[in-house]
Structures are given as C-alpha cells and as structure tokens.
Amino acid sequence: MITDSVRGFYQIKDKIYTNKLLALYSNKNNDEIKWNFHDDLFSQQDWTKRPAGTLKDLYKQRAQQLRDSYDYLVLNFSGGADSWNILHTFLTNNIKLDEIYTRWGSAERKYKSADPFDIKEGNLGSEFEYAVVPVLDYVRKNYPQINIVIDDYSECYQQDFKEEYLFLSDHYQLMPSPFRYGRKSEKEIALENKNKKIGVIYGYDKIRCKVENENFYAYFSDGMSGSYDSDITSNRKFELFYYSIDLPQLPILQAHYIKESLSILPLSMDIKTIKKYRDLYTIVCYPEYNRDTLQVNKLLGTHISNSDSWIHSYNPRYFKSWKWHYDQLFNSIDKKFLWQPQNTSLNTGVKSSNSKYYLIGKITDYEKNNLLNFLSI
C-alpha cells in the first residue's frame, strides 16, 4: 500500500489512493471515502498539552529544519498570509532562502483591470499587483541573493485542454490548475540535473477547529492544490510548512493559541473585523501580517472560479474543451461528494475531507459563543 504520501491518502473500503479525484472517479458504488492524514503519527501526540515556547519559536525551528535538509529551498509565494509568514520567518531569522516562486496570468489584464478595493473572489488576479509585487520589490532591494521567479502561464491557454490534464491537479480542477503546479525555474531544473536536494515549500495550511458539546477539537483539512506527488523525485520533495509531520508541535500550538484567544476576543481584538475563521487565525497566528493587504474572498469551489472568466475571452477553444472534459468527469461522480452553494444546482467542485478530530480541551460557554457567533469555520 502507498501510505506515505506527504498529503496523506484516501481509502475506499480496502483500496488506497493518493489522488482524491481519481478515488472519486473510481468509486462506482459511491462508498464513503476516508482521508488518512498521518493518523498514526498525529494520534500519538498529546494534543491537550500545550507545547513549550511560542509560535515564533516553532516557525523559526521549522524554517531551520528545512534549511538543514536541502541544498536549495523554493518558497511558493502567493502573497497570502500563510506564505507571507513563511517568508517573514526566513528573512527575520537570517535563515537562507534560495528562491521565491510565484505565478500569474498576465493576459488577464487585456480583459479586466486590477482593483485594489474589490474583495470578491473574481478579483483574485489583483492580489498579484497588490499583495505579491510589493513584497517582491522589497526582497529584490534588500535580499538580492534570493532568486525571484514570476511564472506567467498565459501561453498555456493557447491550446486545447487535454484529457491527460484531468487528474493532474488532483483536488483542484480550475482552468489554470494544470499549469499552476509542477512548473520549475531554470535554476531549479539545473540543480535537479546535478542531483542537488531541492525542497519546495507550500504554506499549507491553517489548522481547523470545531466545538462539540463542551469540547474544543482541532483537525486538518485536505484542500491542498496541485499534483505534488507526481513531481516528487528522490532529490525533490514537497514540504508542507505548517501541516508538518516533522514538527507536529506546530499545528498543536496553533490550536492552543486559537482556543486561548476565544476567552479574550472582545477585549483584545476589534470584533467587527473578525468575520471568518481565517480572520481570527491570521490575527492570532500571524500577528505581524498586515491585514490591510488585499486578500479576496475564497473561491466558489475547487472547480469554478469567477477569477478565471477572462480565459473564456482569451481562448474560447481552451474554455470549451476544459468544460467538456470536466462535465464528463463530474457527471460520473455522485453528487454527495460534490459541493453545491446554497440555493443553487451548480456543482462547484469536490467537498473537502477532514482528518480525525484531536481534543484540545474543554471549552466554556463564553468561548463557544465567541467561536460560533463571530466565525464561519
């Protein structure tokens, strides 16, 4: 059995899959699917015990751990809070980072302008101008030794969508997904040819929390993009910075930070600014991140995004071939595994799978109300 995938594995009865979409497509009897995210390792931890130190300490420890493991480190940078915090950790602790890799489709600007104020998910492309570029400019000026790569994948749409792309990006099936992951810089390719050890860092992910009766639990969610396992070689590894099996204390301490914040929410924070779980998480776990940075709302699902609408104008053939292939695929998957926004019949992608729930501790009514009244988890 293949059970050592960095992203865990999916189990349908006695069959094991590392690709979720392939698992769902193969599930002709519509049996329940279970995601095992290193259950054995994380179940051995005492989640009720708060790890020593601070999150800053563990972020630094994780960055140094990665530095000590590889010849060349690549950070996939989106400008969001998760990847920003990783970059901040490396820079402020003087831990060497070799490359920052970011991506966008510049052709979008032929059809829609960047907008620094629109936070609808259709404005996702503007995060490049207003969240990514300012950081890259700072790095160029102050850390010129870091290789900065901007991967413009616009040319990838100048073709038809191919059947071989169907399972390439696994959990996400958006139009750009086959080209957003697995691509490499010339420098990385050259080092890979020399058998250098390469670590590719992704900012996955925020520990999730839930309340059941009087208990506060933490868990992992599988919304991880890209066909990472197919890009792994003996010398090139995909590294989750936060969901790390090499530093399990990190997500545990994040969960304790979240729980502790619930007892002081109105006193310590502007409650009006906390509308979603990611708002609370960012304030508590990434306190140095500038929350005025443009961050649009999350995508409609794993398959459909208004932010990709320009591709239809850029190359209608690509759009039509993408839609045809995925209509065939999703029509073969039972709707109970698909996500439908309320009051619509539109399937916007596959539902997330969650790990086991890990008990953090008892929760008071006051803490519970703060979590349930102000946050959407």
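Use the structure listed above.
Caption draft 1: Molecular detail of the overall build of the chain. The helix and strand inventory of the chain stands at 13 helices and 13 strands. Taken against the 2.2 N^0.38 rule, which gives 21 Å for 377 residues, the C-alpha radius of gyration of the chain at 21 Å falls within 12% of a compact globule. The principal-axis extent of the C-alpha atoms belonging to the chain is close to 55 × 55 × 45 Å. For the chain, buried positions account for 54% of its 377 residues. Put simply, 76% of the contacts in the chain that link residues at least 6 apart link residues at least 24 apart. Here the chain has roughly 17,800 Å² of accessible surface; of this, 48% comes from carbon and sulfur atoms. When the 49 basic and 48 acidic side-chain charges of the chain are each reduced to a single mean position, those positions are 1 Å apart.

Caption draft 2: Expanded view of the side chain of Lys259. For Lys259, the location among the structural elements is in helix 8 (residues 249–262). Among all residues touching Lys259, those that are not within four sequence positions of it are Phe216, Ile360, Gly361, Lys362, Ile363 and Glu367.

Caption draft 3: View of the pattern of salt bridges. Taken as a whole and assessed by the stated rule, the structure comprises 24 salt bridges. A salt bridge links Lys96 to Asp98; the nearest nitrogen and oxygen atoms lie 3.5 Å apart. By relative accessible area, Asp98 is classed as buried at 7%. A salt bridge links Arg208 to Asp205; the shortest N-O distance between them is 3.6 Å. Taking the relative accessible area as the measure of exposure, Asp205 reaches 9% and is therefore buried. Here the salt bridges share partners, and the residues they tie into one network are Glu108, Arg109, Lys112 and Glu129.

Caption draft 4: Fine view of the environment of Phe37. With respect to the element layout, Phe37 can be found in the loop between strand 3 (34–36) and helix 2 (39–43). Residue class for Phe37 comes out buried when judged on its relative accessible area of 0%. For the pair formed by Phe37 and Asp14, sequence separation is 23 residues and the distance between their alpha carbons is 17 Å.

Caption draft 5: Looking closely at unusual backbone geometry. Backbone torsion omega between Tyr204 and Asp205 reads -15 degrees, so that peptide bond is classified as cis. Locating Asp205 in the fold gives a position in the loop between strand 7 (198–202) and strand 8 (208–212). If you check the backbone angles, His38 has positive phi at about 50 degrees while not being a glycine. Tracing the backbone through its elements, the reader meets His38 in the loop between strand 3 and helix 2. Unusually for a residue other than glycine, Asn213 sits at a positive phi of about 55 degrees. With respect to the element layout, Asn213 can be found in the loop between strand 8 and strand 9 (215–219).

Caption draft 6: Focus on the packing of helix 3 (residues 55–69) against helix 4 (residues 81–92). Where helix 3 meets helix 4, the axes come as close as 9 Å, and the angle between the chain directions of the two elements is 80 degrees. Considering their axes alone, helix 3 and helix 4 lie roughly perpendicular with respect to each other. Side by side, helix 3 and helix 4 meet where Tyr59, Lys60 and Ala63 of the first sit next to Asn85, Thr89 and Phe90 of the second. Residues that form the contact of helix 3 with helix 4 fall into these classes: 3 nonpolar, 2 polar and 1 charged.

Caption draft 7: Layout of the environment of Tyr219. The topology assignment puts Tyr219 in strand 9. Exposure remark for Tyr219: the relative accessible area of 9% places this residue in the buried category. With 30 residues separating them along the chain, Tyr219 and Ile189 place their C-alpha atoms 36 Å apart.

Caption draft 8: Representation of the sheet that holds strand 5 (residues 99–104). Ordered in space as 6-5-4-7-10, the 5 strands form an open sheet in which the pairing is parallel. Each edge of the sheet is formed by a strand with only one pairing partner; in this case those strands are strand 6 (147–152) and strand 10 (236–240). Neighbour-to-neighbour, the strand axes of this sheet turn through a mean angle of 25 degrees, independent of strand direction. Note that strand 5 and strand 6 share 6 bridges and pair parallel. Bridge assignment links Trp104 to a residue of strand 6, and that residue is Asp152.

Caption draft 9: Structural view of the environment of Arg50. Relative to the helices and strands, Arg50 resides in the loop between helix 2 and helix 3. As for Arg50 and Gln254, which are separated by 204 residues in sequence, their C-alpha atoms are 9.5 Å apart. Setting aside residues up to four positions removed in sequence, Arg50 forms contacts with Leu253, His256, Tyr257 and Glu260. Polar side-chain contacts of Arg50 include one of 2.7 Å to the side chain of Glu260.

Caption draft 10: Structural context of helix 3. Taking 1.5 Å per residue, 15 residues should reach 21 Å; helix 3 reaches 21 Å between its end C-alpha atoms and fits that length. For helix 3, every residue scored as buried is listed here: Leu55, Leu58, Tyr59, Arg62, Ala63, Leu66 and Arg67. If you follow the buried residues of helix 3, they end up packed against strand 4 (72–76), helix 4, strand 7, strand 10, helix 8 and helix 10 (277–285).

Caption draft 11: Geometry of the sheet that holds strand 8. Ordered by their spatial adjacency, 3 strands build an open sheet running 8-9-13, and the pairing between neighbours is antiparallel. The open sheet has two free edges, formed respectively by strand 8 and strand 13 (358–362), since each of these has just one partner strand. Pairwise comparison of adjacent strand axes, ignoring direction, gives a mean angle of 30 degrees for this sheet. When strand 9 meets strand 13, the two strands line up antiparallel, connected through 4 bridges. Note that in strand 13 the partner of Asn215 across the bridge is Lys362.

Conventions we followed
- Residues numbered from 1 in each chain as written.
- Predicted model: local features only at pLDDT ≥ 70, side-chain atom pairs only at ≥ 80, totals over all residues.
- Heavy atoms only, no water.
- Helix = DSSP H or I, 4+ residues; strand = E, 2+ residues; numbered from the N terminus.
- Rg over C-alpha atoms; globule rule 2.2 N^0.38 Å.
- Buried < 20%, exposed > 50% of the residue type's maximum accessible area, 1.4 Å probe, protein only.
- Contact = heavy atoms within 4.5 Å.
- Areas by Shrake-Rupley, 256 points an atom, 1.4 Å probe, with all protein chains shown as cover.
- Lys, Arg positive; Asp, Glu negative; His and termini not counted.
- Charge placed at Lys NZ, Arg CZ, Asp CG, Glu CD.
- Salt bridge = Lys/Arg side-chain N within 4 Å of Asp/Glu carboxyl O.
- Axes fitted to C-alpha atoms, helices over the stretch in contact; angles between N-to-C directions.
- Parallel < 35°, antiparallel > 145°, perpendicular 65-115°, else oblique.
- Nonpolar A, V, L, I, M, F, W, Y, C, P; charged D, E, K, R; others polar.
- Pairing = 2+ DSSP bridges.
- Polar contact = N/O pair within 3.5 Å; in protein donor to acceptor, adjacent residues only side chain to side chain.
- Expected span 1.5 Å × (residues − 1).

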